[in-house]
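The residues making up each chain are set out below.
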Amino acid sequence: MTPLPADRCPPDVCGTPGVIASAAYVKGVRVAAVPVADLAAARQDHPDWFLWVGLYEPDEELLRQVQAAFGLHDLAVEDAHNAHQRPKLEAYGDGLFVVLRTARLVEEERRVDFGETHVFVGDRYVVSVRHGSLKSYLGLRARCEAEPADLAGGPGFVLYALMDYVVDQFFPIVERFEAELAELEDRILGGRFDREAAARIYHLKRDLLALKRAAAPLVSVTGHLMRTSNPLVPAATAVLFQDVHDHTLRVVEIIDSVQELSTTALSANLSLISLAQNEDTRRLAAWAAILAVPTMLAGIYGMNFDTMPELRWQFGYPLAVGVMVTACGLLYRGFKKTGWL
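This text gives an overview of the structure that appears in the document. The shown structure was predicted, so the numbers you read here are calculated from the model rather than taken from an experiment. Counting restarts for each chain, with residues numbered from 1 along the sequence as it is written. Note on the predicted model: pLDDT of at least 70 is required for a residue's local features to be given, and 80 or more for side-chain atom pairs to be given and counted; whole-chain, interface and lining totals, by contrast, use all residues. Calculated side-chain values reflect all of the structure's heavy atoms, with hydrogen atoms and water omitted.

**What about empty space enclosed by the protein?**
As a reminder, the rule being used: Only protein atoms enter the 1 Å grid, on which a cavity is a set of points fitting a 1.4 Å probe that cannot get out and a pocket is an open set with protein on both sides within 12 Å along at least 5 of 7 lines, lining residues being those with an atom within 4 Å of a point. Grid points are joined across faces, edges and corners, and a volume is the space filled by probe spheres set on the points. The helix and strand labels rest on DSSP assignments: H or I over at least four residues marks a helix, E over at least two residues marks a strand, and numbering proceeds from the N terminus. Three residue categories are used. Nonpolar comprises Ala, Val, Leu, Ile, Met, Phe, Trp, Tyr, Cys and Pro, charged comprises Asp, Glu, Lys and Arg, and polar comprises the others, including Gly.
Counted by the stated rule, this structure contains 1 cavity of 30 Å³ or more. Of the volumes computed, that of the largest cavity is approximately 60 Å³. Surrounding the largest cavity, Leu 105, Val 106, Glu 107, Arg 110, Arg 111, Arg 176, Phe 177, Glu 180 and Arg 200 form its lining. Elements with a contribution of two residues or more to the lining of the largest cavity: strand E5 (95-106) and helix H8 (170-189). For the lining of the largest cavity, the leading source of residues is H8, giving 3 residues. Its residues assigned to classes, the lining of the largest cavity shows 3 nonpolar, no polar and 6 charged.

Written as structure tokens, this is what we have:
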């Protein structure tokens, strides 16, 4: 058969709401686009075909059609329809069901856009059900089709490609978080600490926690896949999951280190703010003590008693002012020496 170009998707396939692509492959080469309604017949009539179906937020009716074509388990289909699952690997009969959490950094909004992908892997088929951003897997199928020798590995290789792509998308995010934390540290240690810095560190810690929830479970998932004896993941493909496992461990380690540093930065920010407030309090206390002396003297001589010392002496007023100035000067010098001013 003549290979079908990767960018060509007939209207009867991609025109179906919820269907991104549905294609058949022989030895890693795309040979046909298969409408969802014809999946069961194609699987039965062409035992040499490997089917890869991509769905985006499908409705229940579409999922039931795909379930009937491949014999998917009810519980897995229910999870794929409802979404909001944690990353996991489950075996249903001869098939595997894998849940992945995708992440994409939205620079202009300074946030992480999370999505979810459910992957059904079975004998000669892979079904991926995506929820969230469509950009999460932009170009993945085309890259796989560009390497037919690898794609000939079948369902196991597609699962590897999906997981590898998902984990690789974590790296730009954690690297961006590292750079942002470094900027915040410079800002804090440079004396430009404020509530905005503390708020940004808090949001950074929240995003890191969400990212860790997406990445950490994949350590056990990839660890199982690289050691499994399941025929869907032959030895040649199982070796590939070692690379994904290593990358996942690295992502989790980076997240942990950035989390620890962000906690330290937040503590440093709060400590520096507290020190600054203490210094301001000491300055205010020092000036209050200095001003207390003339206030006291003025208050005493303002009581208007007839018999007060030096009340009618011609040098009494200059003397009182001189005492005030001298006392204030001595107090200012003392506070300056001790670092209060």
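**Topic: the nonpolar core**
Note the cut-off: Buried Ala, Val, Leu, Ile, Met, Phe, Trp, Tyr and Cys residues form a nonpolar core when they are joined through side-chain atoms within 4.5 Å. Using a 1.4 Å probe on the protein chains alone, a residue whose accessible area is under 20% of its type maximum counts as buried, one over 50% counts as exposed, and one in between counts as partly exposed. Only heavy atoms matter for contacts: two residues are in contact if any of them lie within 4.5 Å across the pair.
Among the nonpolar cores identified, the biggest contains 55 residues, and Met 163 and Phe 170 are the most heavily contacted of them. Counting residues per element, this core draws most heavily on helix H7 (residues 155-168), at 10 residues. Other than its neighbours up to four places away in sequence, Phe 170 contacts Arg 101, Ala 103, Leu 211, Ala 214, Ala 215, Leu 218 and Val 251. Counting 27 residues, the second-largest nonpolar core is a separate cluster that includes Ala 24, Val 31, Leu 72 and Phe 97.

**Brief notes about the pairing of strand E4 (residues 88-92)**
Stated formally: Here, any two strands with at least 2 DSSP bridges between them count as paired.
The pairing of E4 with E5 spans 5 bridges and is antiparallel. Residue Lys 88 lies in a different strand from E5, and its bridge partner there is Val 99. Here E4 hands over to E5 after 2 residues, with Gly 93 in that stretch at a positive phi of 65°.

**So, the sheet that holds E5**
Strand pairing in a sheet takes place through backbone hydrogen bonds and is either antiparallel or parallel in direction. The cut-off we apply is this: Only C-alpha atoms enter the line fits that serve as axes; for helices the fit covers just the stretch in contact. Angles between N-to-C directions range over 0 to 180 degrees.
Within the open sheet, the 7 strands sit side by side as E2-E1-E3-E7-E6-E5-E4. Their pairing is mixed. In this open sheet, the two strands that pair with only one neighbour each are strand E2 (29-33) and E4. Between one strand and the next, the sheet's axes are offset by a mean angle of 25°, whatever the strand orientation. Where E5 lies against strand E6 (residues 111-122), 11 bridges are found, and the strand directions are antiparallel. Across the sheet, the residue bridging to Thr 102 is Gly 115, located in E6. Those strands touched by helix H3 (residues 60-70) are strand E1 (19-26), strand E3 (50-56) and strand E7 (125-131), and its axis lies near 165° from that of E3.

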